[in-house]
Amino acid sequence: MSEHITFVVNGIPRELDVEPRRLLVQALREDLDLTGTHVGCDTSQCGACTVHVDGMAVKSCTMLAVQAEGSEVRTIEGLADGDTLHPLQAAFWEKHGLQCGFCTPGMIMTAADLLARNADPSDDEIRHAIDGNICRCTGYQNIVAAVREAARVIRSGGATVAAQG
Amino acid sequence: MIPAAFDYQRSATLDDALKAIADGGGTVKLLAGGQSLLPLLKLRLGSADRLVDIGRLGELKGVRRLPDGRLAIGAMTTYSELAASSARHYGVVADALPTIGDVQVRNRGTVGGAVAHADPASDLAACFLALDAEIVARSVRGERTIPVDGFFTGPFSTALATDELITEVRLPGPRDDAGSAYASLEQPASGYAMVGAAVVVFVAGDGSIEGANVALTGVGPHPYRARAVEAALAGSDRSAASLAAAAAHATDGIDVVGDIHAGREYRTAMAAVYTRRAIEAALARLG
Ligand SMILES: Cc1cc2nc3c(=O)[nH]c(=O)nc-3n(C[C@H](O)[C@H](O)[C@H](O)COP(=O)(O)OP(=O)(O)OC[C@H]3O[C@@H](n4cnc5c(N)ncnc54)[C@H](O)[C@@H]3O)c2cc1C
Ligand code: FES
Ligand code: FES
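Notes on the structure in this doc start here. Keep in mind that this is a model prediction, so the values were computed, not measured. (Residues numbered from 1 in each chain as written. Chains lettered and ligands numbered in written order. Predicted model: local features only at pLDDT ≥ 70, side-chain atom pairs only at ≥ 80, totals over all residues. Heavy atoms only, no water.)

**Quick notes on the pairing of strand β5 (residues 71–74) of chain B**
On a regular strand, one side chain projects to one face of the sheet and the next to the other, so that they alternate.
Residue and element names in this part refer to chain B.
In step 1: Where burial is concerned, the two faces of β5 agree: the one with Leu71 and Ile73 and the one with Ala72 and Gly74 are both buried.
In step 2: Two elements, strand β4 (residues 63–65) and β5, share 3 bridges in a ladder whose sense is antiparallel. Along β5, the bridge assignment pairs Arg64 with Ala72.
In step 3: Hairpin connection, β4 to β5: the antiparallel pair is bridged by 5 residues, and Gly69 has positive phi, about 100 degrees.
In step 4: The pairing of β5 with strand β10 (residues 165–171) spans 4 bridges and is classified as antiparallel. Bridge pairing in β10 places Ala72 opposite Arg170. (Buried < 20%, exposed > 50% of the residue type's maximum accessible area, 1.4 Å probe, protein only. Helix = DSSP H or I, 4+ residues; strand = E, 2+ residues; numbered from the N terminus. Pairing = 2+ DSSP bridges.)

**Focus on the environment of Gly207(B)**
In step 1: Locating Gly207(B) in the fold gives a position in the loop between β12 (193–203) and β13 (209–217).
In step 2: As for Gly207(B) and Arg276(B), which are separated by 69 residues in sequence, their C-alpha atoms are 18 Å apart.

**Remarks on the packing of helix α3 (residues 104–117) of chain A against helix α5 (residues 140–155) of chain A**
When two helices pack together, their arrangement is given by the angle between the helix axes and the distance between those axes.
Residue and element names in this part refer to chain A.
In step 1: Orientation of α3 relative to α5, taken along the N-to-C sense of each, is 45 degrees, at an axis distance of 11 Å. One finds that α3 runs oblique with respect to α5. Handedness of the crossing formed by α3 with α5: right-handed. Of the residues in α5, those touching α3 at Met107, Ala111, Leu114 and Leu115 are Tyr140, Ile143, Val147, Ala150, Ala151 and Ile154.
In step 2: Class assignment for the residues of the contact of α3 with α5 results in 10 nonpolar, no polar and no charged. (Axes fitted to C-alpha atoms, helices over the stretch in contact; angles between N-to-C directions. Parallel < 35°, antiparallel > 145°, perpendicular 65-115°, else oblique. Left-handed = near helix turned anticlockwise from the far one by under 90°. Contact = heavy atoms within 4.5 Å. Nonpolar A, V, L, I, M, F, W, Y, C, P; charged D, E, K, R; others polar.)

**Considerations on the interface of chain A and chain B**
In step 1: The interface is formed by 33 residues belonging to chain A together with 32 residues belonging to chain B.
In step 2: Of the roughly 2500 Å² buried between chain A and chain B on both sides combined, carbon and sulfur atoms contribute 54%.
In step 3: Three residues stand out in chain A for area buried against chain B, namely Arg21(A), Thr62(A) and Gln67(A), and they jointly supply 25% of the buried area on that side.
In step 4: Inspection of the region where chain A meets chain B yields 2 salt bridges.
In step 5: When the shortest N-O distance is used, the salt bridge between Lys42(B) and Asp42(A) registers 2.7 Å.
In step 6: Summed over the shared surface of chain A and chain B, the number is 15 residue pairs in polar contact (both at pLDDT 80 or more).
In step 7: Elements with a minimum of two residues in the side of chain A that touches chain B: β4 (56–59), α3 and α4 (123–129) of chain A.
In step 8: Top contributing element to the side of chain A that touches chain B by residue count: β4(A), with 4 residues. (Buried area = accessible area lost by both parts, 1.4 Å probe. Salt bridge = Lys/Arg side-chain N within 4 Å of Asp/Glu carboxyl O. Polar contact = N/O pair within 3.5 Å; in protein donor to acceptor, adjacent residues only side chain to side chain.)

Keep in mind these values describe shape, not function.
Written as structure tokens, this is what we have:
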């Protein structure tokens, strides 16, 4: 039996017929081809699958697609403004906040949730906020530096960096 | 991981949801934030013929002050919403919330789900026990109020009947003579409490301890009130030695759990340590 859902993903209205057991992350990656959202653990631990639902960071492997009915979903693909990177994306680049990049989409979506609520977080607050996001290769030092830098940029008027090739 | 197939029903009203679980005879499960239920279904440790999604029931959301001063927390209030509500003025709740899961879990996980799921290491369960909360449960048969002490009956088991839904949790009104705190030792990877101690102390005009409510989680088969600690604290002075002596009773009469993260002996020792720390922190809040 399938359910019909209507939701808005990265600003675009979408409709899908999904089995009730279909996870939000599957609907995003497999039905909508938004493969920027990653699946790391598939057991609610790693945060690689983090997206925003109605402005709140959630683990899309721990939410059914049917639960997103009527919601506003934002994924990493919806963060940049055309070719202009979001300050978090630019800061992860500048501060070397990634190596393999597997955890990065989730890390950035969680950081975006934090910065929406706290424009000037301390390092401790940043570390507490990314508690549910695991990075297995960069180490957290540069990730924290990147989030701090993005916060600074946004506070100083949100100067963003144009993507260069 | 993909759960076994189930039917899905999104409740438009509370009555819809009550009818669905009344007709379901236990094969129908309520879906709140899904932060416990979905991992269980995905790992196929649990199953359901039908999920009844109560996520859209606005009537179960939010925190309100009752005319008599008590605080009523709607079952579908998320941890994040609770942290932003007036419930944060209870020290024990303010201490515990940031230790629960992570931002993503707190954005989805609900108060009703936490209580109904009855994880033996639930942080909020210990807070509600120490606060002497009441749980309001409704079914097609009517409504009843269940004191939280006695609500948890075993690992993942409660006094709730299969056709009952938690609508709200009520906390007593704040008191000037009360201070509260939560202290926990977390398993570093999962973040679940290996020992969590929730304490509310009541202090007399002369500064001595009049009484206390002490609850532990992560230690026994279910979160419990540590009556022996409470008895030792009643009428006690506030010296470090007296507080430590009272806290030493934290596991009296409890079949303490031992696992790969913390053996029985270590957990027993830590239960006393974290109980003492929570008592000290609760007293410190009173100045
Ligand atoms: C990564 C991770 C880390 C976590 N860490 C912690 C932690 O440190 N401490 C902690 O305490 N918890 C932790 N949790 C568990 C989490 O707190 C609970 O699972 C969650 O709050 C349950 O609420 P929910 O709304 O998600 O419930 P659901 O998962 O939707 O439901 C749980 C159960 O309760 C039933 N139920 C739900 N609502 C009601 C209701 N109103 N009436 C009757 N029955 C109902 C459901 O049928 C189901 O059986 C963690 C979870 C995850 C995924
Ligand atoms: S893939 Fe969702 S938390 Fe790891
Ligand atoms: S950049 Fe490789 S896991 Fe974080």
